[in-house]
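Architecture and fold: a report
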Amino acid sequence: MSKGTYYITTPIYYPSDKLHIGHAYCTVATDAMARYKRLTGCEVMFLTGTDEHGQKIEDKAKAAGVSPQQFVDNIVKGERGILDLWKLMNISNDRFIRTTDDYHVKSIQRIFRRMYENGDIYKGKYVGKYCKPCESFWTESQLVDGKCPDCGGEVQDAEEEAYFFRASKYAQRVRKLLTETDFLQPASRVNEMVNNFIDCEGGLQDLCVSRTSFKWGVPVDFDEKHVVYVWLDALFNYMTALGFENDRYDDLDKFWPADVHFVGKEIVRFHAIYWPAFLMSLDLPLPKHVYGHGWLVMDGGKMSKSKGNVVDPYILAERFGVDALRFFLLRTFPFGSDGNFSNELLINTINVDLANDLGNLVSRSAAMVEKYFGGTLPKTGVSEDIDGELVSMAGTLRGRYEAQMEKFQFQNALEEVFKVIARANKYIDETGPWILAKDESRKGRLATVLYNLLETVRICAVLLTPFMPDSVEKIFTQIGASEDEQTWDSAETFGVLHDGVTVCKGDAIFPRIDAKKELEELDRLQEAAKAAVKPAIPPVTIEEFAKVKLQACKVISCENVPKSDKLLKFTLDDGSGRERQILSGIAKYYKPGELVGKTVLACTNLPPRKMMGQESCGMIISAVSGDDLKLVILDDGIPAGAELC
Ligand code: MSP
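As the structure is a computational prediction, the values presented were derived from the model and not from experiment. (Residues numbered from 1 in each chain as written. Predicted model: local features only at pLDDT ≥ 70, side-chain atom pairs only at ≥ 80, totals over all residues. Heavy atoms only, no water.)

1. Some remarks on the domain arrangement of the chain
By the assigned domains, the chain splits into domain 1 (357–538) and domain 2 (542–634). Put simply, the middle of domain 1 and the middle of domain 2, counted by C-alpha atoms, are 65 Å apart. (Domains from an automatic or database assignment.)

2. Quick look at the pairing of strand β18 (residues 579–584)
Sheet analysis places strand β17 (residues 568–573) next to β18, joined by six bridges and oriented antiparallel. Its bridge partner being in β18, Asp-573 is matched across the sheet by Glu-579. Count of turn residues in the β17/β18 antiparallel hairpin: five residues, of which Gly-575 carries a positive phi of about 85°. (Pairing = 2+ DSSP bridges. Helix = DSSP H or I, 4+ residues; strand = E, 2+ residues; numbered from the N terminus.)

3. Some thoughts on the site of the ligand
Close to the ligand lie 24 residues; Ile-12, Asp-51, Glu-266, His-293 and Leu-296 are nearest. Separating an oxygen atom of the ligand from a backbone N or O atom of Tyr-14 is a distance of 2.9 Å. Residue Leu-296 places a main-chain N or O atom 2.7 Å away from a nitrogen atom belonging to the ligand. Against a free-state accessible area of 670 Å², the protein chains account for coverage of 95% of the ligand. (Near = heavy atom within 4 Å. Polar contact = N/O pair within 3.5 Å; in protein donor to acceptor, adjacent residues only side chain to side chain. Areas by Shrake-Rupley, 256 points an atom, 1.4 Å probe, with all protein chains shown as cover.)

4. Some details on the pattern of salt bridges
Oppositely charged side chains can pair when the atoms bearing their charge come close. One pass over the full model with this rule turns up 47 salt bridges. A salt bridge links Lys-37 to Glu-406; the nearest nitrogen and oxygen atoms lie 2.9 Å apart. Note that Lys-37 is positioned in helix α1 (residues 21–39) and Glu-406 in helix α16 (residues 397–406), a separation of 369 residues in sequence. Here Lys-37 falls in the buried class, since its relative accessible area comes to 9%. (Salt bridge = Lys/Arg side-chain N within 4 Å of Asp/Glu carboxyl O. Buried < 20%, exposed > 50% of the residue type's maximum accessible area, 1.4 Å probe, protein only.)

5. Brief notes about a negative patch on the surface
A surface patch of like charges, here negative, comprises Asp-470, Glu-473, Glu-483 and Asp-484. Following the sequence through the fold, Glu-483 ends up in the loop between α20 (469–479) and α21 (515–532). Looking at Glu-483, the relative accessible area reads 69%, which means it is exposed. (Patch = residues over 30% accessible without salt bridge, like charges linked within 9 Å, V, L, I, M, F, W, Y side chains within 5 Å. Lys, Arg positive; Asp, Glu negative; His and termini not counted. Charge placed at Lys NZ, Arg CZ, Asp CG, Glu CD.)

6. Comments concerning the packing of aromatic side chains
Using the criterion set out here, one finds 36 aromatic pairs in the structure. Centre to centre, the rings of Tyr-103 and Tyr-249 are 5.6 Å apart; their planes meet at 85°, and the pair counts as edge-to-face. Residue Tyr-103 is located in helix α5 (residues 102–117), and its partner Tyr-249 is located in the loop between α9 (237–240) and α10 (252–255); the two are separated by 146 residues in the primary sequence. On the accessibility criterion, Tyr-103 (11% relative accessible area) is buried. Relative to Phe-410, the ring of Phe-262 lies with its centre 6.2 Å away and its plane at 75°, an arrangement referred to as edge-to-face. Highlighted residues: Phe-262 in strand β11 (residues 260–264) and Phe-410 in helix α17 (residues 410–431), separated in sequence by 148 residues. A single burial state applies to Phe-262 and to Phe-410, both of which are buried. Joined through ring pairs, the aromatic side chains of Tyr-7, Phe-165, Tyr-170, Phe-236, Tyr-238, Phe-244, Phe-255, Trp-256, Trp-275 and Phe-278 make up one cluster. (Phe/Tyr/Trp six-rings, centres within 6.5 Å; stacked < 30°, edge-to-face > 60°.)

7. Some remarks on the environment of Asp-636
If you trace the backbone, Asp-636 turns up in the segment after β25 (633–634). Its relative accessible area of 53% is what places Asp-636 among the exposed residues. For the pair Asp-636 and Val-600, spaced 36 residues apart in the sequence, the C-alpha separation amounts to 9.2 Å. Aside from chain neighbours lying at most four places away, what touches Asp-636 is Lys-554, Gly-597 and Thr-599. Within polar-contact distance, the side chain of Asp-636 engages the side chain of Thr-599 at 3.3 Å. (Contact = heavy atoms within 4.5 Å.)

8. Points about the sheet that holds strand β13 (residues 296–298)
With mixed pairing, the three strands of this open sheet are ordered in space as β14-β13-β15. The open sheet has two edge strands, β14 (301–302) and β15 (339–340), and neither has a second partner. As paired elements, β13 and β15 share two bridges and run parallel to each other. Each residue of the ladder has a partner; that of Leu-296, found in β15, is Gly-339.

9. Here's the deal with the packing of α16 against helix α19 (residues 443–464)
Packing of α16 against α19 leaves a shortest axis separation of 11 Å and a crossing angle of 15°. It follows that α16 is roughly parallel to α19 by the angle criterion. As for how α16 packs across α19, the hand of that crossing is right-handed. Where α16 abuts α19, its residues Leu-397, Arg-398 and Tyr-401 lie against Ile-459, Cys-460 and Leu-463. (Axes fitted to C-alpha atoms, helices over the stretch in contact; angles between N-to-C directions. Parallel < 35°, antiparallel > 145°, perpendicular 65-115°, else oblique. Left-handed = near helix turned anticlockwise from the far one by under 90°.)

10. Some details on the side chain of Thr-40
Examined against the element boundaries, Thr-40 turns out to sit in the loop between α1 and β2 (43–50). Its relative accessible area of 10% is what places Thr-40 among the buried residues. Each residue touching Thr-40, except ones within four places of it in the same chain, is listed here: Lys-3 and Trp-488.

11. Side note on the nonpolar core
Membership of the largest hydrophobic core comes to 114 residues, with the highest contact counts inside it found for Trp-86, Phe-262, Leu-358 and Phe-410. At 14 residues, the largest contribution of residues to this core is made by α19. With sequence-adjacent residues up to four places away left out, Phe-262 is seen in contact with Ile-8, Thr-9, Thr-10, Pro-11, Cys-26, Ala-29, Thr-30, Met-33, Tyr-291, Phe-335, Phe-408 and Phe-410. Counting residues in each nonpolar core, the second largest holds 78 residues, with Tyr-103, Cys-131, Phe-244 and Phe-255 among its members. (Core = buried A, V, L, I, M, F, W, Y, C linked by side-chain atoms within 4.5 Å.)

Right, here's the structure in full:
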């Protein structure tokens, strides 16, 4: 019987780059919550998707020499793209929305028009600052040291005719929502929102919700110069994906308002202030909760492609298994706070929790049933006091776990499960099954001990289902649990596993990892992956290529540049009768003397520029591979000045 409906969402991700482990973190958490709710009997709608409009995507597509649609299609649907990643990570989303989906675009146009017609969107002039990577407008006073307060990047001046949303009108209602309800979680995020955006000087400002400086967006259908601001376009995905203002879907009544939007802490502002205000403007019910989770950081800093410190979830999932990676992400970091990611921590968690504690418990328990009873447990019935603590801990585990899951505290929920697993391992040492096995008269007692172990494993496996769906299936097979012994209801009480259960010993579910070897291999793979990600270079036409003048030059002299570790100064014969001076940053690779007399290749029609106070007229061509660099040395028979064509 359904225990009601549950609607949960991830942010819709920008397909401007491949996603990294931080994106996977949020999606895995959402997936665990969705699976948990399904397990408890709810009818779940789990939505994820991609936020595909905006200037950044337009710029990136241009740089790659493709259309914006081709660009996003490749990142979303291409090999090892976003859809492939979610499949690999075993994400059980019910729907996937792309903001370029036709039905969404039309819905956004209707929504924008409705807000214009009800007077909450009006035409004005935008003067302020714009951060391209974040697609965010800022007023001067919101900048931190003149930079974007979200990403710390450069902002640009922006002034244009634009439509505005009357956010100011809803300031007090939003304030009440934040301060008097548990809408925004964790509660620790409330003050920052209220202080910085509502109780700040000037109060909550109206929001600029259209742009005219680029085209890649949803056109305002009554004023086609404008495209809708990406955040208005993006936030409404949570409703258009259910059929709001379209007939592609029709389950808005069933699932709206959402139970929770999981979002990273940097986009709480949009979800906790503007999103409710937009909904208020249209008189729509508000989502029940927004949960702002923390970031996975590397050495204290946010992962980002531009810093080159992103971790590729493909590499980790393929090496350690999807379930181990999913488990690690939710077991290790408290969901509401930042967590420092490292490969060491990942391997350690797999070895300690999964291989040692859980894996050993399962394999030892099944192996003992096999060894002492030929695989099938006889009827039991010889309990002793020592069983009490384990039986009671396992029998009440579901309640403690549920309390944590309802608060989105995945780490604590898993901690409860692993306390019981640790208790069961201790129980093996306390009861000493191998000693009981030596005494024929204690076979009944031995059977009870082994039953208690299998039953504990069963309850834990049911509760681990949302985190490691594939591995728990293997566990259920190994301990011989039937289908109805794998349900949420069956985990409520101890003693459900049927008498006479037959185990099925299998391979180790979580093999132990050789940390040192694996860390070296991971470093190698991650470096190789980094090197393989070349910035997209747009194709050039033959006419453009022909503009580059490449000539053979003889090295007349070469010397170090004072005060520079990097530069060598070349005097070259380029066949013109005049000497040419070029500075090149290759001092790390060559001693000046070894290059005199060589024939090198140089680009000779670059505009001159100064380096360390000296003029450089051109560029000497070298070949680079990883950390290695070699000059392109030509055959000595090629005369100075010969042109490459
Ligand atoms: N497109 C917007 C969201 C619109 S929702 C209506 C966006 N996209 S994003 O691609 O930048 O994804 C942001 C989300 O990815 C974060 O809010 C967070 O959930 C997740 N993460 C991205 N990097 C992360 C970490 N380093 N750590 C944890 N989560 C991270 O913002």
